[in-house]
Amino acid sequence: MHRFSRTAQVFFLVAGVLLLFFLAATPSPDWETQLWLGSFLFAAGLLLKSVLDGKRWVILTLISLSLFATFRYAWWRTTQTLGIGDPNVHWYEYPFVFILFAAELYSWVILVLGYLQTAYPLSRKADQLPKDIASWPDVDILIPTYNEPLAIVRPTILAALNIDWPPDRKKIFLLDDGDRPEFAAFAEQTGISYIARPEHHHAKAGNINFALARTEGKYVAIFDCDHIPTRSFLQTTVGILEKSPGMAFVQTPHHFYSPDPYEKNLNVFKKLPNEGELFYGVIQDGNDLWNATTFCGSCTVMRRKALTEIRGFAVETVTEDAHTSIKLHRRGWQSAYLNLPQAAGLATPSLSAHIRQRIRWARGMIQIFRLENPLLAKGLSLPQKLCYLNGMLFFLSSLPRIIFLTAPLAYLYFGIRIFDADAYSIASYALPTIGLSLLTNAAINGRHRHSFWNQVYETTLAPYIFLPTLLALIKPGLGSFNVTAKEGRIEKEYYDRDIAKPFIVLWILNLGGLFSGILRFTGGFGEIPTIILTLAWTIHNLLIIGTTLAVGWERAQRRFRPRISVTFPIRISGGGGQVIYGETEDMSDFGVRVRLLKSAALQTGEEVRLEIPFLDRIHEFPAEVVGMDEFSVRFNFRPLTLQEERDLVLILYGRADAWVRLGISEKADSILKSLWEVTVFAMVGQARAIQGIFWSSSPGSSGNKQPSGESA
Amino acid sequence: MIRIRTCGQIIPCLMFAMLFFFPGASLALEEKMASPSSVPLSPPMPLPDGEFHQTLSFEDLQMEKDLDIGPNSADQTFHIGVSPDKLVRNATIHLIYRFRPGLFQTAHHTLAVDWNGILLRNVSGSPQDSGLVLSISIGVPGFLVNTRNTLRLRVIRDPKNPCAIFGSVPFITILRRSTVTVHGSRIGVPPRLSDLPFPFLYPDAAGLRRVPFVFVSTDPDVLEAAGIAASWLGVNGPYLPFRFPVSIVKKRDFSTLPPGHLILLALARDIPPGWFPAPISGPFLGIVRHPADPFSRILVISGQSPGEIRLAAIALSENRFPPDGGFENLQGAYPPHPRLPDDAPRWVTSRNTIPFGSLESPDALTVHGSGSVRVSFSLPPDLFTWSRKWIHARIRFRIRTKNRENRSRLDIFLNDRYQESLPLPATGDGSITQTADIPLAVSDFTPFRNRLVFNFNFRNSFPAVLSCTMDKNPRLSGTILPDSAIDIHAFPRFAVLPDLRLFPNGGYPFTRYADQARTGIVFSKVPGSGDIGIFLHMMATFGAQTGLPAVRIRVSNPETLGRVEKRNLVIIGTYDSNPLLLKFTRSLPWESTANLEKLRREDLLLKIFRWKNPPPSHFGPSDLIHEFKKARIPVGVLMETASPYHPGRVVLSVVGVSQNGIRSMDRVLFDPRHFSGIFGNVTVVTPQGMNSFFLPASSFETGHLDWLQSVRFWFYSHPIGIVVCVIFLVLGTGFLLRALLRHIADKHSPDNDTPENTSA
């Protein structure tokens, strides 16, 4: 009976979807009726979201509505607007018509695949480990490093030591591909194993594979050297692997406790969701439903047996992680995503570093697309193929994005038509479709990605990943692994003209288009509705480009490590037996700011002992006062012993709940508010661009402004 | 008659002889004058017996608007026929024009005026004439005027500077109030039934065809007989500008008969004795001399009873006349067998293709030198082109060009709208046959009559500055092969009625049965002459459209409605005379303010909820209200509704404010130039023109669609249906997807308690 009802459900679903497609392909008598229809459906979606926001069936209903509108638009676009056989369309207009159509085709595919991925985030919970601790398995913790400074790696190693796991079942390996003696010494000092290989083939993947051959734990936990795990990392993840013998790996989110370039340069840290939040907050969780979680190279526990079966990490591409997960899935292994931040790292410190990192990702994913095309790969289920396909197609967004940013210019500058349709029809079909997709994405992504920001992120990358992805498509073997810079200081803010050059070009082109459009409008050169539509499109493009320009303004970052907001009760023992009580406001590796419960007599330079209770004991740290105001005192730590340093790492980074909800916006998405934010940033960005082009000093001429320091 | 025909044969010889010996003869009456506004025609003087004087404006010659002519314009040709019962002594072309040299124009092109291929006059201007309205009278000697004549306006390029830059812009505008006047004698033609429809109709004659109908009684059978006769005229003179003045005379009082050739319908007892040598017995047809005009003739349709008059009209429509003689008592005149739907002789009956070979003679499909091939065709009025952009034509053409003719093109126009241009290759000494698939824009078609024009433009390969003219060398030729065809196989036959657009374009649905077996006319009890006149014009138009006389037309009045109520009805009259009109036009706003408010509400609700497609902007009920509120008074209204008497039938109400109003409607309703203004379900006719509107009303469908198209069209016509279905479907899809995805999620980890919203 249950099976029958499931079959009936599928039958009705298929019938309903077919009927939806059928209705979508039914034309409207005129643009007014189409606008009425689209507006009616948009209003219905808006009402549904407003009244019942958050219900999964509401989200799925909105997805269905958006797919209907998109398919209706796509059908009309394909059958009515390409100008095939229309003698009024000139031969030289066809390339423009079809280029824009191809870009739209790409965006429809991405939209549909995105809905598939995010339709039902699994929200997996941690599985409990056996109560008998003696039966817990052996775990090897691998921390690969190449050229990062020890200061970056130390907290990670100390945090790994802090992980709650039977000491005899936990082995930590520092995989140093840089053959640095100070790393070997630190490993010896902390009692962990140090592995350095004689040859350095295949970068990070080769480094880990070398270590895999020399370790034997049942599971392997992998952390990038800046990803500091919490103490609960293994207890929350290994249970899943233990429960499911077919499970190859458990991935946890990559969270960053420092602002990424967008957050830093636009000053929106913790106000807007960060750039990676969509992937780790929604997409990976959605992938998990389809058993298509992507291995992300860090913050992961993997089953050695599975890795052995695929002969270790994939080394053919520069994104060894995603490639490895495809190989595992192809062999039938399962994967899991636990959306519980159990480690945190440093975000890329500058826009240029961010772009370099994404270029590598883009190249790597396209390499995989060529070498192990998911659509053709045997062993993958259809949803797995589509999830991987979407992950790869995302990195082909550069050309469509550039097309969208420049398409209206063909008309505004040269009067070349890019649609074989009148402006009213275009608006009546396109606007409700765009509106519904915005509404649906706002419902799906909620606090993980605000509207319009994906366009800003894509625009930032578009000019830079276009060529690498094109080359990777043509010749996937080209290029080598480059290590992402993760840490650095910027002493003085500056405008990164070099990185902003393509955006400045796009900006000037669109400004010219705007000017040309105004001339057309006032001079009556062309159909007024068409001019208005293309002008509106150009203004939208200017907003996106303007915001991108704003990101090019590199704000100063003087701290070596960012301060982390954390609240602990604290007792300060000063000279003369004075005891002061307070609460920590923020902390870093180097110091702490304390809000005092009552005023106290402390002097700058005075040496104190800070006592912070955490877990089952009180941790003491020597410190000195470096500044104060009425109720707040700033301390710098005095040189710490290794144990004190380890305790500090535990308190600061190792708490089980340290990173919960980090990166998620405090406010849910609001389409209009987001548009307003983007508009404001665009205004600021354009002003900054002008200032940066003409008046800002270059980083090279004012000392140490270049991002420095790197970590894997 | 014989003399005229003979004249027609010898005139070319005479013409050349005259020109050879007296080269200035044809130009003897030339006169050029500056005439900004006046038409130099004096009011017609009373003519002596046997004389005639006819003035035709260029508008009467189908020139719809002022004509701009430039070096690249095609030759403009006007056909001016003269009825053989008239002998023309002289004619005058009064050309009114405006000279308009371009700002940068340096060439001095001239306009040549040819009559039957003979150059009459070159018209040129100087820059100081620019903008002035000028006129010139060009005399045409009578011996050059035949029964069929051609007036051609063509450009002669400046021989010194034929390809001047900016020289291709129009340099002269011919105003449509230009005229052609013919003057001459009338001939009393012998009364021969075998010559019919001559002299009552000579299709080639230019201008308006006035055929007066005279009634002694307005019995329904007599009116049906008149309708049959009128449709017979329409069959014989398709798409001619007719007018049917109607006179209703008292019994035996024929002293007030209108002048000219006329048709009289009267019972035998009402025919004056002595008109015919033999007594009338049974259905009767005869031609007799007009008692007040020896040069005019009367076609008498008669019988012992109204039914016999009707039978006589049927016999007339079947052209069953004796070989000689001016009258005939007809025996055994019965209507032909009933027709099938959509089988009118002039309709396209094929459901696949319309081959050109069936439309035009092979000669008409060929041009020598640059020129045009015209192919007129009628689409089925109910051809369902919904959601299609193109109707494809497979064109096969054969060309003969020369090696250097590689800039030649074939330009294709549909109803004067550009469609496609094909390059014509050089063929060397032989000819080449090519095939092309031409998409014709559905939006450029009219529902019934259409015309394709193929312009073969032969040009040589020299640069445009050296050679800008079309090559008219007759050795060059282009032929549209008869197996070229318009492909309509993908289009079903389906229509939603009422739809006034189909009424002038094909007479649909009345003409669906070509013999009008499903058409009933409802007059008032005492129909006025205007009512009958518009009815006759309608019948003539239907006859022209179907190619078949309306032998099964039925006429009734409100009291005998049962006679016709199962048919598509045409109710003609005024509100005062015909009470049925009130019933069928109740929704019009001129009857009461309550109607007005009701219409406004319905319109608003329809626009908001769209349970079916609302009227397009500017053509809805509010606009109709606005139209009625305007100061100008309509002369009448045309309104089509679904029939309450029989499913699948329409009622067309033709309402005039008065008999004069109906006559005014008659003048514009059947003029093809106004057809595009008739659509929706209400057309308001005003002295200034026509405006059509869509009112919310019940409708029905004719024809057949396959089920898929039928469902699609239903949703297309009912947008609210799409919205409601989509909302239910997406809600259902949402719930089903949640159930199925939850099922998949449970497989991963049955113990998981998946929250409803992970993003919150």
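In this text, all values refer to a predicted model and were calculated from it rather than measured experimentally.

Caption draft 1: Fine view of the overall build of chain B. Looking only at helices and strands, chain B features 10 helices and 38 strands. The proportion of buried residues among the 760 residues of chain B is 42%. Contacts in chain B between residues far apart in sequence, at least 24 positions, make up 80% of those at least 6 positions apart.

Caption draft 2: Region of the structure containing the overall build of chain A. Looking only at helices and strands, one finds 21 helices and 19 strands in chain A. A compact globule built from 712 residues would reach a C-alpha radius of gyration of about 27 Å, and chain A, at 28 Å, matches this within 12%.

Caption draft 3: Expanded view of the environment of Val140 of chain B. Residue and element names in this part refer to chain B. For Val140, the position within the fold is in strand E8 (residues 133-141). Among the residues examined, Val140 registers 25 C-beta atoms within 10 Å and is labelled buried. Separated by 582 residues in the primary sequence, Val140 and Ile722 place their C-alpha atoms 67 Å from one another.

Caption draft 4: Quick peek at the domain arrangement of chain A. Looking at chain A, the domain boundaries give domain 1 (2-121 + 396-554), domain 2 (133-385) and domain 3 (567-652). Taking only C-alpha atoms, the centre of domain 1 of chain A and the centre of domain 3 of chain A are 52 Å apart.

Caption draft 5: Structural context of the pairing of strand E28 (residues 477-480) of chain B. All names here are of chain B. Here strand E21 (residues 366-368) pairs with E28 via three bridges, running antiparallel. The residue bridging Thr366 from the neighbouring strand is Thr479, located in E28. Note that strand E23 (residues 390-400) and E28 share four bridges and pair antiparallel. Opposite Phe397, over in E28, you have Ile480 as the bridge partner.

Caption draft 6: Fine view of unusual backbone geometry. Leu196 of chain B connects to Pro197 of chain B through a cis peptide bond whose omega is 10°. Secondary-structure assignment places Pro197 of chain B in the loop between strand E11 (179-186) and strand E12 (209-210). Residue Leu497 of chain B is joined to Pro498 of chain B through a cis peptide bond whose omega torsion reads 0°. Position of Pro498 of chain B among the secondary structure elements: in the loop between strand E30 (494-497) and strand E31 (519-522). Its identity is not glycine, yet Leu615 of chain A carries a phi of approximately 55°, on the positive side.

Caption draft 7: Representation of the sheet that holds strand E18 (residues 293-303) of chain B within the structure. All names here are of chain B. Across the sheet, six strands lie side by side as E15-E13-E16-E18-E17-E19; this open sheet has mixed pairing. Unpaired on one side and paired on the other, strand E15 (246-248) and strand E19 (327-329) mark the two borders of the sheet. Within the sheet, the average angular offset between the axes of one strand and its neighbour, ignoring direction, is 25°. The strands touched by helix H3 (residues 306-317) are strand E16 (262-267), strand E17 (284-290) and E18; relative to E18, the strand with the most contacts, the crossing angle is about 115°. Along the sheet, helix H4 (residues 529-546) contacts strand E13 (213-215) and E15; its crossing angle with E15, the most-contacted strand, is approximately 135°.

Caption draft 8: Just the nonpolar core, in detail. Counting 190 residues, the largest nonpolar core has Leu142, Ile143 and Ala221 of chain A as the members making the most contacts within it. In contact with Ala221 of chain A, other than residues within four places in its own chain, are Val139, Ile141, Leu142, Leu234 and Val301 of chain A. By size, the runner-up hydrophobic cluster in this structure holds 171 residues, among which are Ile96, Ile287, Ile532 and Ala544 of chain B.

Caption draft 9: Here's a closer look at the interface of chain B and chain A. Each side of the interface is counted separately: chain B has 44 residues, and chain A has 48 residues. The set of elements that each furnish at least two residues to the side of chain B that touches chain A consists of strand E25 (417-423), helix H9 (707-717) and helix H10 (719-748) of chain B. Its residues placed into classes, the side of chain B that touches chain A shows 24 nonpolar, 15 polar and five charged.

Caption draft 10: Geometry of helix H12 (residues 320-330) of chain A. All names here are of chain A. Among the 11 residues of H12, 10 are classified as buried, and the element is accordingly described as predominantly covered. Looking at H12, one finds that the buried residues are Glu320, Asp321, Ala322, His323, Thr324, Ser325, Ile326, Lys327, Leu328 and His329. Against helix H7 (203-212), strand E6 (247-251), helix H11 (304-309), strand E9 (334-337), helix H13 (351-371) and helix H14 (382-393) lie the buried residues of H12. Two residues or fewer after H12 comes Gly332, characterised by a positive phi angle close to 90°.

Caption draft 11: Representation of the pairing of strand E27 (residues 449-457) of chain B within the structure. Residue and element names in this part refer to chain B. Pairing of strand E22 (residues 371-378) with E27 involves eight bridges; the strand directions are antiparallel. Paired with Gly371 across the strands is Phe456, a residue of E27. Relative to E27, strand E24 (residues 409-414) is paired through six bridges, and the arrangement is antiparallel. In the sheet register, Leu410 faces E27, and the bridge partner there is Phe456.

Analysis parameters
Residues numbered from 1 in each chain as written. Chains lettered and ligands numbered in written order. Predicted model: local features only at pLDDT ≥ 70, side-chain atom pairs only at ≥ 80, totals over all residues. Helix = DSSP H or I, 4+ residues; strand = E, 2+ residues; numbered from the N terminus. Buried ≥ 20, exposed ≤ 12 C-beta atoms within 10 Å, placed from the backbone. Contact = placed C-beta atoms within 7 Å. Rg over C-alpha atoms; globule rule 2.2 N^0.38 Å. Domains from an automatic or database assignment. Pairing = 2+ DSSP bridges. Axes fitted to C-alpha atoms, helices over the stretch in contact; angles between N-to-C directions. Core = buried A, V, L, I, M, F, W, Y, C linked by C-beta atoms within 7 Å. Nonpolar A, V, L, I, M, F, W, Y, C, P; charged D, E, K, R; others polar.

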